[in-house]
Every structure is written in C-alpha cells, then in structure tokens.
Amino acid sequence: MSATSVETAATKERVSLRDRLANPWGRPRFLAIVTWVYIIWSLVPVLLAIRFAFNSGRSRTSLQGWSLRWFWQDPTLSVFHDPTLQSALTHSLELALIVMAIATPLGTALALGMRRWIGPGSGIANIVLLLPLVTPELVFAVGMFLLFTTAFGFIGLGTTAQAIGQVTFTLSWVVLIVRGRLATIGRDVEEAAADLGAPPLHVVGRVLLPLLVPAMAASLLVSFALSIDDFVVSQYLASGADTTTVPMRIYSQARGGPTPALNALATIMLGFTLFALALAYFVYQMMTRGETKESAVKTLAMEMG
Amino acid sequence: MSEGDIRLVGLVKRFGDAVAVNGIDLHVTPGEFFTMLGPSGCGKTTTLRLIAGFERPTEGKILLDGNDMSRTPPHKRRVNTVFQSYALFPHKSVYDNVAFGLRYQRVTKAEVKRRVGEAMALVRLEEFGQRRPSQLSGGQQQRVALARALVLEPPVLLLDEPLGALDARLRIDLQVELKRIQEQLEVTFIYVTHDQDEALTMSDRVAVMRAGNIEQCDEPRVLYETPATAFVANFLGASNLVPVAVGQSHGDGTPLSLGSFDLRAENCPLGHGEDAVAMIRPENVRLEPHGTTGENRVPGMVEEVVYLGFHQEVRVRLANGTLVKVDVPNDDEQAELEQGDPVCVHLPARHLRVLAADAAVPSAPAAEEPVVAA
C-alpha cells in the first residue's frame with residue numbers, strides 16, 4: 001500500500017529499472033508481495049465459504065444474492081431450525097467448554113509441577129508430556145477408541161470419552177504455553193516472595209498465578225480452538241447422533257445434499273473462535289500492562305505459536 | 001545491636017561433583033557491612049543463597065544469633081535478600097511490592113501503612129507508591145527492592161550484586177546511599193560483589209573468595225595494603241607482582257634477588273629459597289632520573305605511557321626484562337616521560353611485600369609482552 005506512494009515519488013526522478021528492482025536501501029518489495037500473495041491465498045477460501053453462508057439460493061457454487069436464510073430465516077433448513085445442525089453446534093460448544101475448563105487448570109498445575117521437579121525421570125517426563133503434539137492424531141484416536149471400548153469400558157463412548165480424549169492432547173499445548181511464560185517470569189520472583197515470608201502456597205497464589213493469567217487466557221483460547229476444530233478424536237469416540245460435533249456434521253453432510261446452512265454453521269464457529277481470540281488478546285493486554293510492550297508481544301507470540 | 005550475628009560453620013555445598021562452597025567458617029558481627037568479593041564462580045553467591053535458604057547446605061551450619069537455621073525454609077528465616085535482577089513483582093504497584101512481606105508479620109493496617117511509608121522515605125521514593133515497577137528506572141527499581149526487604153526490619157540483609165545491572169554513575173550514587181542506610185539502621189549487611197571498588201568503599205570487612213574458599217578476610221585497608229596472597233593482591237586493586245628469589249633474612253630485612261639485581265624487603269614471611277613474588281602497588285613505585293643509585297633501585301626503560309586523566313600509568317621494562325607499572329600523578333612536578341626514555345625505578349623496601357608464588361596468578365609479564373616499536 002505504502003509502496004505505491006514511494007513509486008510515484010520515484011518516477012519523478014526517473015529511477016532506473018535496475019534500481020527499482022534491486023535497491024538495497026529501498027523497501028523489500030519482493031518480500032512484501034510474497035507475503036500479501038500468501039495472505040490473500042489463505043484467506044480466499046475462508047471468505048468464499050463465508051460468502052456462500054449468506055447466499056439466498058440453495059447453491060454452494062453460484063452466487064445467488066444475499067440473505068440470512070441459512071442462519072435462521074429458513075423454517076426447516078437453517079442452522080437455527082435444523083435440529084441436527086443445532087445439536088451439533090451446542091454439542092461442539094459444550095465439549096469446548098468442558099475441555100477449556102479441565103485442560104487449562106490441569107495443564108497449569110502440570111507445568112508448575114514440572115518446574116519444581118528436578119531429578120531422575122524429569123527429563124523423560126518432559127518429553128513424554130509433549131509427545132501428543134507430534135503423535136499422528138489418528139493413531140492417538142484409535143488408541144483412545146480401544147481404551148474406551150475395553151479397559152475403560154465402564155466410561156464407554158460418548159461425551160465423557162470425547163472430553164477426556166480432547167483434554168489429553170490439549171494438555172500438551174497448555175503445558176507448553178504455561179512453561180514458556182514461567183520461563184520468562186524467572187525464578188527470582190518466586191525466591192523473592194519466599195524470602196519475604198510467603199509460604200509455598202502463597203508464592204503460587206500471590207505471585208505465580210497472577211503472573212500466569214495471560215498464559216492461562218492463551219491456554220483457554222488454544223483449548224477452545226483445538227476442541228472446536230477437532231474431528232478425528234471426536235469422530236472415534238462419538239456414540240451417536242447426540243455426540244456429533246460440527247466438524248463431524250459438516251463432513252457427513254458434505255456427501256448428501258449439502259446446503260449453505262453448513263457454511264452458515266462454519267461461519268458461526270469461526271465467529272466464536274475470533275471472539276475468543278479477541279478476548280484472549282484483550283485479557284493479555286490488560287494483564288501485562290505493567291510489563292514492557294516488547295516483552296509482552298514476544299511472550300504472546302511465543303505462547304500462540 | 002545484639003541482633004544480626006551470623007556464623008557459618010564448616011559450610012559446604014556441592015552440586016553433584018562440583019564443589020561450590022568448600023568448607024567456609026565465618027563470623028559476621030551485628031551491624032557490620034560485610035562483603036564477599038571474588039571472581040565469578042568463586043562461590044560467593046552460593047554462600048549468600050545458602051544463608052537466604054534458597055539452597056540447602058551439603059554440610060555445615062548457619063547460625064543466626066546462635067540458632068542453627070540451615071534446615072529452616074527461606075520463608076521462615078529472619079533474613080531478607082536484595083536480588084541483582086531486583087525481582088520485583090511486575091503485577092503489583094510499588095506500594096504493594098513493599099507491603100508484600102508485612103502480611104506475614106502480625107501488624108495492623110495502620111502499622112503497614114506507616115512502615116511502608118517509612119521504608120519508601122528511607123530510599124527516597126515517597127512519590128512513587130502507585131507506579132508499577134516497569135515505570136521506574138533501574139536505580140529506582142533497586143531502591144524499591146531495598147525498601148521491600150528493609151520494611152520487614154530483618155536483623156540481616158543479604159545483597160546479591162545489587163548494583164550489578166546499573167550504569168557506573170548510578171552505581172556510585174547508590175553505593176553512598178546503601179552505606180548511609182546501613183549505618184542509619186545498624187543492620188548487618190552481607191554484600192556479594194565482584195566489583196573491588198564497591199567492596200573497598202562500603203565494607204567494614206571484606207572476604208576475598210576463591211574456588212569455594214575464603215582467601216583472606218579483613219578490613220579493606222588491610223587487604224589492600226597487606227594482602228596475604230598473590231591472588232588477593234592481584235584481585236584487589238592494581239599491583240605489580242615481580243618474581244624474586246628469597247635470600248637469608250638478617251636483622252635489617254630480607255634480601256631478594258630480581259635477576260641480577262639485589263633488593264631488600266622489610267618484611268618477609270617466607271623462608272630462604274622459597275618461590276616468591278614481590279608485590280608492590282603502582283602508586284608506591286618511584287621513578288627517578290636515570291643513573292640514580294641506592295638501595296632497591298633498578299634501571300629500566302619507559303615502554304608505554306598511558307594518560308588516565310588525574311594520573312598517568314607508566315609501564316617500565318626493567319633491565320632484567322620484567323614489566324613494572326608505575327602510577328605518576330599529573331601534578332606538573334614530574335618531568336614529561338616518553339617512550340624509550342631511560343629511567344631508574346625505585347621499589348621502596350617498606351612497600352615491597354613478599355608473597356608465595358601462585359601458579360594461577362600471573363606475575364608481571366616478562367619480555368614476551370608485545371613491545372611497541374620505539
């Protein structure tokens with residue numbers, strides 16, 4: 001965008017083509033172009049899907065005007081009125097809330113524990129804890145399926161199994177995020193708190209946890225996003241129609257008579273995710289007010305990615 | 001003044017195979033400004049952390065006013081620490097930082113307010129109570145850390161290189177301030193630093209540490225003027241360490257030989273024939289016109305003159321090849337010296353200190369030092 005203003009200024013001075021293409025002091029235009037091409041490329045499918053959610057016709061391939069028909073206006077086929085879509089949406093959100101509520105505190109506790117635990121086995125535990133990040137999800141899901149149909153048969157398939165499955169792999173992310181933040185907090189503040197008379201529980205409660213709030217907000221967001229996005233584990237551990245999540249519903253309906261209501265459903269999910277992201281960012285800004293911008297952005301970037 | 005007596009008895013700390021503190025015995029008296037000085041890795045910080053309770057000693061005792069506290073967790077020890085990194089709580093205001101520890105002392109709200117106010121006044125930060133630590137400069141943050149520890153009225157305050165992260169000017173200001181506060185409160189300070197100037201200016205006593213042991217422990221003046229070992233002489237201030245051979249002592253001092261030159265030292269703790277270095281501070285060496293004769297005079301040639309503002313450092317290569325640094329004040333009385341000038345170096349007998357040679361401490365560089373072309 002700003003590159004154009006530079007160009008208009010430059011044309012007045014008749015800059016040679018060679019200088020324009022490879023001027024080491026100029027803006028890195030080539031890099032900017034590559035970046036923008038990538039951003040547009042990755043956004044186009046999403047924007048298209050959203051566009052068809054607002055289609056007034058039945059088609060998901062040709063544009064037929066704008067309407068909110070597929071959200072709630074259609075009396076039978078809209079997300080709001082189709083019971084299968086509605087239940088998928090509520091089940092997905094319900095599952096995401098359960099996973100958030102369990103994975104974040106549990107992962108935070110694990111990260112705190114791992115920090116304290118120095119000794120034989122701690123190194124291996126550190127690696128094993130992060131293993132789910134790289135394990136193929138299908139392998140993990142098949143294993144979980146076997147577990148809940150045999151050894152843990154008393155739990156059985158269904159919402160509980162889905163929640164446990166999702167918590168299990170989400171936990172690794174939470175530990176990773178919280179540990180990153182703990183590393184930036186450093187051990188000094190803990191020692192300082194103890195030195196000033198705070199017993200171990202107070203060190204955690206009065207110093208560590210408040211400082212971990214941003215990381216926990218990021219963890220909540222990540223567990224929400226992972227849960228809502230999860231297909232493989234939810235699919236394997238589902239027990240029937242009432243445990244169908246949004247991705248499962250979209251996948252199964254994609255074959256038989258899909259309507260733009262699926263796009264509407266996906267759009268709603270995207271809306272929730274964006275809202276969660278905005279909320280997490282806001283909380284992070286609030287809680288790291290005292291720290292320098294630079295370090296806050298750095299930790300957020302580290303924690304998000 | 002009876003509180004704040006720290007005694008370390010045979011204190012040992014090992015991390016696996018590495019020995020950080022190798023059996024330290026130390027007695028710090030109430031109200032003393034005591035400094036542990038040494039290069040990095042000498043065990044000074046570990047010793048401080050043992051006293052604070054962040055580490056558990058492998059062996060030995062730590063007595064505070066006669067009670068062994070080596071098995072007491074840090075939050076129950078009546079000592080407080082000021083960290084090099086300040087370690088302020090970034091999510092709390094300056095006021096809440098200072099008030100943090102008072103919660104664990106049974107005091108009323110009004111009392112908390114009064115004591116926090118006093119502590120902030122002590123470090124001259126009355127105006128800053130509602131700020132966040134990140135809104136303060138480094139020096140101000142360290143003063144908050146100091147107030148946060150002192151508000152608890154500990155009998156002993158531990159300071160772990162508290163000025164290490166500050167720039168030179170601020171460091172000097174805060175040195176003066178620390179000394180003022182320490183004298184005003186009569187609290188025992190145990191101060192860890194690798195900065196010899198800090199150690200010399202502030203301390204009542206300094207322990208010079210090396211490889212987990214105390215090399216020498218005494219008043220700054222004693223350490224500087226009569227170092228017990230070559231290591232102490234080298235670490236504390238500038239010094240010339242000249243390798244010499246010790247002769248047979250007689251009533252009037254000890255003869256030393258520096259190459260083919262004969263010297264005399266008034267005091268010599270070493271016996272005949274031992275490996276020794278003669279230590280002399282650059283400010284005690286006298287430069288005299290070439291050809292001057294007399295005791296302890298060695299001819300040499302000026303190799304380099306370094307201008308340092310209020311004085312200049314003249315490096316003289318003695319006739320036997322040893323390099324000696326001489327401090328010459330810039331007071332118009334000295335003749336201008338230039339590279340290549342022949343001079344006579346006077347090493348006064350009463351300033352020559354004979355110390356045992358130490359392989360790990362480099363003595364005055366011999367002729368292989370790069371010589372600037374004349």
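Here is a short report on the structure shown in this document. Values in this document were obtained by computation on a predicted structure and should not be read as measured data.

## Thoughts on the overall build of chain B
In terms of regular secondary structure, chain B is built from eight helices and 20 strands. Each of the three principal axes of chain B carries a C-alpha extent, and together these read 80 × 45 × 35 Å. Restricting to contacts in chain B with at least 6 residues of sequence separation, those with at least 24 account for 68%.

## What to know about the environment of Thr72(B)
Residue and element names in this part refer to chain B. Within the secondary structure, Thr 72 is located in the loop between strand S5 (67-68) and strand S6 (79-82). Taking C-alpha positions, Thr 72 is 9.3 Å from Arg 56, a pair spaced 16 residues apart along the chain. Setting aside chain neighbours within four positions, we find Thr 72 in contact with Gly 53 and Arg 77.

## Examining the pairing of strand S8 (residues 188-193) of chain B
All names here are of chain B. Among the six residues in S8, six count as buried, and that is most of the element. As defined by bridge partners, strand S7 (residues 156-160) adjoins S8 across five bridges and the pair is classed as parallel. Paired with Leu 158 across the bridge in S8 is Ile 190. This β-α-β element, S7 to helix H5 (residues 168-185) to S8, shows right-handed connectivity.

## Let's talk about the nonpolar core
With 148 residues, the main nonpolar core has Ala147(B), Ile190(B) and Ala278(B) as its most contacted residues. Here the element with the most residues in this core is helix H10 (residues 200-229) of chain A; it accounts for 16 residues. Excluding its chain neighbours within four sequence positions, the residues that come into contact with Ala147(B) are Val98(B), Ala119(B), Met120(B), Leu122(B), Val123(B) and Leu125(B). Within the second largest apolar cluster, seven residues are counted, among which are Ala141(A), Met144(A), Val233(A) and Tyr236(A).

## Some details on the pairing of strand S16 (residues 297-307) of chain B
Residue and element names in this part refer to chain B. As paired elements, S16 and strand S19 (residues 342-346) share five bridges and run antiparallel to each other. By the bridge assignment for S19, Arg 297 is matched with His 346. Here S16 runs beside strand S17 (residues 311-318); their pairing, made up of seven bridges, is antiparallel. Paired with Tyr 307 across the strands is Gln 312, a residue of S17.

The rules we used
Residues numbered from 1 in each chain as written. Chains lettered and ligands numbered in written order. Predicted model: local features only at pLDDT ≥ 70, side-chain atom pairs only at ≥ 80, totals over all residues. Helix = DSSP H or I, 4+ residues; strand = E, 2+ residues; numbered from the N terminus. Contact = placed C-beta atoms within 7 Å. Buried ≥ 20, exposed ≤ 12 C-beta atoms within 10 Å, placed from the backbone. Pairing = 2+ DSSP bridges. Right-handed = clockwise from strand over helix to strand, strands pointing away. Core = buried A, V, L, I, M, F, W, Y, C linked by C-beta atoms within 7 Å.

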